[in-house]
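Examination of the molecular architecture
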Amino acid sequence: MASIIAIANLKGGVGKSTLSQNLGVSLVKQGRSVCIVDTDTEQKSTAEWGERREARGHDPLAVHLVQEERLAKEVSEFSKKYDFVLVDGSPALSEVATKIMMVADLVLVPVMPSGNDYGALEKFLVRYDDVRAMLQARGIELELAVVLNGYNDRVIVNKAISEAIKKLDVPVLKTEIAHRAAYQEANLTGAGVLELTDRKAVQEIEALTEEVLKILQS
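Here the structure is a predicted model, which means the values were calculated and not measured.

Definitions and limits used
Residues numbered from 1 in each chain as written. Predicted model: local features only at pLDDT ≥ 70, side-chain atom pairs only at ≥ 80, totals over all residues. Heavy atoms only, no water. Salt bridge = Lys/Arg side-chain N within 4 Å of Asp/Glu carboxyl O. Helix = DSSP H or I, 4+ residues; strand = E, 2+ residues; numbered from the N terminus. Buried < 20%, exposed > 50% of the residue type's maximum accessible area, 1.4 Å probe, protein only. Phe/Tyr/Trp six-rings, centres within 6.5 Å; stacked < 30°, edge-to-face > 60°. Contact = heavy atoms within 4.5 Å. Pairing = 2+ DSSP bridges.

**Re the pattern of salt bridges**
- In total, this model carries 10 salt bridges according to the counting rule given.
- Residues glutamate 195 and arginine 53 are paired through a salt bridge, measuring 2.8 Å at the closest nitrogen-oxygen approach. With glutamate 195 in the loop between α7 (181-189) and α8 (199-217) and arginine 53 in helix α2 (residues 45-55), the pair connects residues that are 142 residues apart, well separated along the chain.
- Residue glutamate 195 is classed as partly exposed on the basis of its relative accessible area of 21%.
- Among the ionic pairs, lysine 80 bridges to glutamate 77, the shortest N-O distance being 3.3 Å.
- Note on glutamate 77: relative accessible area 33%, which makes it partly exposed.
- Taken together, the shared-partner salt bridges connect Lys29, Arg53, Asp59 and Glu195 into one network.

If you want it as structure tokens, here you go:
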């Protein structure tokens with residue numbers, strides 16, 4: 001059975017699709033079979049990225065656009081065919097976020113270093129605690145980790161928000177994703193940054209991938 005990773009947040013514009021796409025490519029580069037489930041049926045950004053990827057002949061990485069009401073069933077089917085299923089969450093109300101978390105082994109929560117994102121994270125954690133309690137009652141553990149995205153430690157506000165997040169008593173990955181043009185280029189070309197030339201971006205995604213794998217293995 002596959003490891004199922006949900007990339008989710010109640011807020012849009014935090015990098016869910018960027019993280020899903022680049023983590024997916026990184027796992028493919030390690031020889032894993034991967035599919036990404038795009039739950040944002042309005043924007044379809046990862047589904048369209050997948051079309052660009054296929055058109056340009058990059059290493060195969062399946063992307064499926066899935067309606068909310070079919071999420072659990074489709075993810076269950078994909079988990080029989082792939083090593084990893086990544087669920088790219090849509091900016092969603094708590095009910096949809098609950099469904100996404102209910103099918104996952106690990107929830108990654110990308111957060112931009114801003115006051116609005118901090119507030120959205122607090123709300124998301126309330127929903128996560130509810131879901132985790134429901135799953136624990138069934139003997140199922142759900143892990144969570146926050147990913148700082150668009151981070152610059154030279155900006156005082158960024159550092160302040162980062163410190164505030166780390167005081168919330170939730171796991172925060174050591175790897176911080178900086179704001180880099182390579183991530184935008186990768187999205188536009190159907191690639192991952194591992195397939196481009198920005199070495200710093202490559203190192204970020206490789207380090208993030210290793211952290212994620214350690215969480216799943218533990």
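**Some thoughts on the packing of aromatic side chains**
- If you walk through the whole model with that rule in mind, you get one aromatic pair.
- Residues phenylalanine 78 and tyrosine 82 carry aromatic rings whose centres are separated by 6.5 Å and whose planes lie at 70 degrees to one another, so their mutual orientation is edge-to-face. Comparing phenylalanine 78 with tyrosine 82 shows no difference in burial state: the two are buried.

**So, the side chain of serine 162**
- With respect to the helices and strands, serine 162 occurs in helix α6 (residues 156-166).
- For serine 162, a relative accessible area of 1% corresponds to the buried category.
- Apart from residues no more than four positions distant in its own chain, serine 162 is found in contact with Leu148 and Tyr151.

**Digging into the pairing of strand β4 (residues 84-88)**
- Taking burial as the measure, the five residues of β4 include five buried ones, the bulk of the element.
- Residue alternation in β4 divides its side chains into two sets, Phe84, Leu86 and Asp88 and Val85 and Val87, and both sets are buried.
- Summarising the sheet, strand β1 (residues 3-7) and β4 pair through five bridges and their orientation is parallel. By the bridge assignment for β4, alanine 6 is matched with valine 87.

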